[in-house]
Amino acid sequence: MSTKPAARPRWLNPDEERAWRAYRRVMVAVSTGTSRDLAAIGLSEPDYEVLSTLSERPDHTSGLGDQADKMGWSRSRLSRHATRMEARGLLRRTPDPSDGRGCLLTLTAQGLAALEDAAPTHVESVRRHFIDRLDPEDLSAIERIARKLEEPAADD
């Protein structure tokens, strides 16, 4: 797949530019707020994402590759992050018997306790920075838009 732009770019018109910039501002504002709230209790957003995802898996375990795909990260980036989380006792890494190059990430009791402690702060942060600022119609529109954007683009 080529990332080279077309010979003539299709520049954004003023309405498209405003929409794009508004989307970026929203993403930054919500992420900044929730990140700050999690940092106050000693976790990053990626920490929380890894912990919460593992808590939902059978045996609180996931393959590194599956976890990286879910988070939209490369395997190497997640591997480095998991190493830091393991050093903090939040998860354990073990060889993946089905993938000689991979490993399994398993939530530890300490990781589960950290998640349980952080969950009320996280949900309150999501409410304060996102949910409570929107009405039900806004939330429905966001879901509809998200479904469209989750579909692969025609040229992917």
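Residues numbered from 1 in each chain as written. Predicted model: local features only at pLDDT ≥ 70, side-chain atom pairs only at ≥ 80, totals over all residues. Heavy atoms only, no water.

As for the overall build of the chain
A count of helices and strands for the chain gives 6 helices and 3 strands. Starting at the N terminus and walking to the C terminus, you meet the elements of the chain as α-α-β-α-α-β-β-α-α. A compact globule built from 156 residues should have a C-alpha radius of gyration of about 15 Å, whereas the chain, at 19 Å, is more than 25% larger. Taking the principal axes of the C-alpha coordinates as reference, the chain spans close to 50 × 40 × 25 Å. Within the span of the chain, comprising 156 residues, buried residues form 27% of the whole. Of all intrachain contacts in the chain linking residues separated by at least 6 positions in sequence, the fraction that spans at least 24 positions is 50%. Carbon and sulfur atoms form 54% of the exposed surface of the chain, whose accessible area is close to 11,000 Å². With 24 positive and 26 negative side-chain charges, the chain shows a spacing of 7 Å between the two charge centroids. (Helix = DSSP H or I, 4+ residues; strand = E, 2+ residues; numbered from the N terminus. Rg over C-alpha atoms; globule rule 2.2 N^0.38 Å. Buried < 20%, exposed > 50% of the residue type's maximum accessible area, 1.4 Å probe, protein only. Contact = heavy atoms within 4.5 Å. Areas by Shrake-Rupley, 256 points an atom, 1.4 Å probe, with all protein chains shown as cover. Lys, Arg positive; Asp, Glu negative; His and termini not counted. Charge placed at Lys NZ, Arg CZ, Asp CG, Glu CD.)

Some words on helix α3 (residues 64-71)
Along α3, the residues classified as buried are Leu64, Gly65, Gln67, Ala68 and Met71. Angular distribution of buried residues about the axis of α3 spans 160 degrees; they occupy a single face of the element. When the buried face of α3 is taken as reference, the exposed residues oriented beyond 90 degrees from it are Asp69 and Lys70. As for α3, its buried residues are in contact with α2 (45-56), β1 (61-63), α4 (75-87), β2 (91-96) and β3 (99-107). Immediately downstream of α3, the backbone of Gly72 shows phi near 75 degrees, a positive value. (Arc of directions from axis to C-beta.)

With respect to the nonpolar core
Of all hydrophobic cores here, the largest spans 21 residues; its most connected members are Val50, Leu51, Leu78, Leu91 and Leu105. Elements with a minimum of two residues in this core: α2, α3, α4, β3 and α5 (109-129). Broken down by element, this core gets its largest block of residues, 4 residues, from α2. Setting aside anything within four residues of it in sequence, one finds Leu78 in contact with Val50, Leu64, Gln67, Ala68, Met71, Trp73 and Leu105. (Core = buried A, V, L, I, M, F, W, Y, C linked by side-chain atoms within 4.5 Å.)

Examining the sheet that holds β2
Pairing is antiparallel across the open sheet formed by 3 strands, whose spatial order is β1-β3-β2. If you trace the sheet from one side to the other, it starts and ends with β1 and β2, each paired once. Within this sheet the neighbouring strands show an average axis-to-axis angle of 25 degrees, counted without direction. Each of β2 and β3 touches α4; the most contacted strand, β2, lies at about 130 degrees to it. (Pairing = 2+ DSSP bridges. Axes fitted to C-alpha atoms, helices over the stretch in contact; angles between N-to-C directions.)

Limitation: the analysis is restricted to geometry and does not speak to function.
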